[in-house]
Amino acid sequence: MPTSTTNASRASSRISNMFRVLALSAIVGMLAACGSVPLPPSPRVPPTPSGSTAPAGALPLPPDDGVALPPALVQGKSRWQAVRWSELPGFNADTLHDAWNAWIRSCERPAGPHARLCPEVRRLSIASVEEQRDWMQRRLQPYRVEPLQAGAESLLTGYYEPVLDASRQPTSTQQSPLYRPPADLATRRPWYTKQEIDTLPQARAALRGREIAYVADPLDALTLQIQGSGRLRVTEPDGRVSIVRVAYAGTNEQPYRSVGSWLLQQRAITDASWPGIKAWARANPQRVQEMLWANPRVVFFREEPLSELDAGFGPRGAQGVPLTPGRSIAVDKESIPYGTPVWLSTPGPVLSLNRLVFAQDTGSAIVGAVRADYFVGWGDAAGEIAGRLKQPLAMWVLWPR
């Protein structure tokens, strides 16, 4: 039987470990609140087969238990093929503590069989990474996500929250409005196109008084509409500056057409990334309006206050929970249910990632089994990454056993 001195020593060690984890969690929270810089990518680590040697500095995976794998499942447009944990690239190298914040957020709106795991997820928020990883392997079964249709594209793109200067009133430089939904949006379907909104008196009259704020660059307004939300540094009529969030509140139900694709069809550019589009616009200001009208869709917004706590997370995704930079993805909800933990792997070239993420959002362009939009964060640095992110993808859903 252990001596009382040994027991006291172990208790002291456990308390020390707990406070060390709490301190690390607090540091992660403060870094997230700093805003625009996305979480650093996980290192690229090849799969470590059972019985092989793990990379230097990485924690070894326990051997596969030899239990027969469950049968494949069909979910929407995808097939889920059960695999061993050792097949997940880099699983033994991910830092799970910042991912746990996103998991706890998912537990605010738990869905399906993952709901029963939420009490354990919350308790494990102060556990060590080794304990979190061990719990995942015992409680979850990984399934490789495959398309039902052979040859379907696998693709990872990125999105972010723009941060823009704005004014409540139009000024000599800020003249591009962001609108609340018009009062007759539900009765006129589809509503006016972008070109009609800019030119028809009846469309302009319907939006009079619905302006939230004005931004300087019409391309910034388009960026906000494509991303679906953003943050505004608004100059109020009395000169005060307030920080608010504008969130998606609906569309005119016109089809979305990519201005990048339009420029490629015009043979105006060869680089259809967002930085490439902006460079073309600066060089061709006389054609910007023509380009904007090529996309008939307009997004309407609602204004939300941005508290200090809210500022440390992104907007609420389709699951109804705030997005976490570097740990939230938008998916095709027919193939991966909201709230599902997902192991994501992509080789680059913009980002090289092997990490735990969560299906917390969707989007009209996110269609297909192996398709995800990665929430990078907010601000210009995040926008630069999101604008260039278009690369191959592999995903594994982690489903309760």
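Reading the values: rules and limits
- Residues numbered from 1 in each chain as written.
- Predicted model: local features only at pLDDT ≥ 70, side-chain atom pairs only at ≥ 80, totals over all residues.
- Heavy atoms only, no water.
- Buried < 20%, exposed > 50% of the residue type's maximum accessible area, 1.4 Å probe, protein only.
- Helix = DSSP H or I, 4+ residues; strand = E, 2+ residues; numbered from the N terminus.
- Polar contact = N/O pair within 3.5 Å; in protein donor to acceptor, adjacent residues only side chain to side chain.
- pLDDT = per-residue confidence, 0-100.
- Contact = heavy atoms within 4.5 Å.
- Salt bridge = Lys/Arg side-chain N within 4 Å of Asp/Glu carboxyl O.
- Pairing = 2+ DSSP bridges.
- Phe/Tyr/Trp six-rings, centres within 6.5 Å; stacked < 30°, edge-to-face > 60°.
- Lys NZ or Arg CZ within 6 Å of the ring centre and 35° of its normal.

**What about helix α7 (residues 218-227)?**
With eight of its ten residues buried, α7 lies for the most part within the structure. Looking only at α7, the buried set comprises L219, D220, A221, L222, T223, L224, Q225 and Q227. By the N-cap criterion, in which a side-chain oxygen at the helix start approaches the backbone nitrogen of a residue two or three places on, α7 is capped by D217, the distance to L219 being 2.8 Å.

**Let's talk about the confidence of the model for the protein chain**
Here the protein chain averages 85 in pLDDT, while 84% of its residues score no lower than 70. Here residues 1-61 scores under 50 on pLDDT; set against residues more than four positions off or in separate chains, the count is 77 contacts.

**A look at the pattern of salt bridges**
Tallying each qualifying case throughout the model produces 22 salt bridges. A salt bridge links D94 to R327, with the nearest nitrogen and oxygen atoms 3.0 Å apart. Taken as a pair, D94 in the loop between β2 (78-82) and α2 (97-106) and R327 in the loop between β10 (299-305) and β11 (328-331) lie far apart in primary sequence, 233 residues in all. Residue D94 is classed as buried on the basis of its relative accessible area of 2%. Among the residues examined, R327 registers a relative accessible area of 1% and is labelled buried. Notably, a salt bridge pairs R189 with E253, separated by 3.0 Å at the nearest N-O pair. A residue pair is termed long-range when its members are at least 10 positions apart, and R189 in the loop between β6 (176-179) and α5 (194-199) and E253 in the loop between β9 (241-251) and α8 (259-265) qualify at 64 residues. Residue R189 is classed as exposed on the basis of its relative accessible area, which comes to 59%. Salt bridges sharing common partners tie together R79, E87, R144 and E146.

**Quick look at the sheet that holds strand β16 (residues 394-400)**
The strand order across the open sheet formed by ten strands is β1-β2-β3-β16-β12-β13-β11-β14-β4-β15, and the pairing between neighbours is mixed. Both outer strands of the open sheet, β1 (73-75) and β15 (390-391), are each paired with one neighbouring strand and no more. Pairing geometry for strand β12 (residues 341-346) and strand β13 (residues 353-361), over six bridges, is antiparallel. Residue pairing in the sheet places V342 in a bridge with V357 of β13.

**Quick notes on the pairing of strand β3 (residues 140-147)**
Most of β3 sits inside the fold, with six of its eight residues counted as buried. Looking at chain direction, β2 and β3 are connected through five bridges and run antiparallel. Paired with R79 across the two strands is E146, which belongs to β3. With five bridges connecting them, β3 and β16 associate as antiparallel partners. Residue P142 lies in a different strand from β16, and its bridge partner there is L398.

**What about the packing of aromatic side chains?**
This structure, assessed with the given rule, holds eleven aromatic pairs. Ring geometry for F91 and W343: centres 5.4 Å apart, planes at 70°, overall edge-to-face. Remark: W343 occurs in strand β12 and F91 occurs in the loop between β2 and α2; sequence separation between them is 252 residues. Taken as a pair, F91 and W343 share a single burial class, namely buried. An angle of 50° between the planes, with centres 5.2 Å apart, marks the rings of W103 and F358 as tilted. Of the two residues, W103 sits in helix α2 while F358 sits in strand β13, which places them 255 residues apart along the sequence. Accessibility classification places W103 together with F358 in one group, the buried group. By way of ring pairs, the aromatic residues W100, W103, W135 and F358 are connected into one cluster. Its end group placed over the ring of Y192, R188 keeps NZ or CZ at 3.9 Å from the ring centre. The ring of W378 carries the charged tip of R231 above its face, separated from the ring centre by 4.0 Å.

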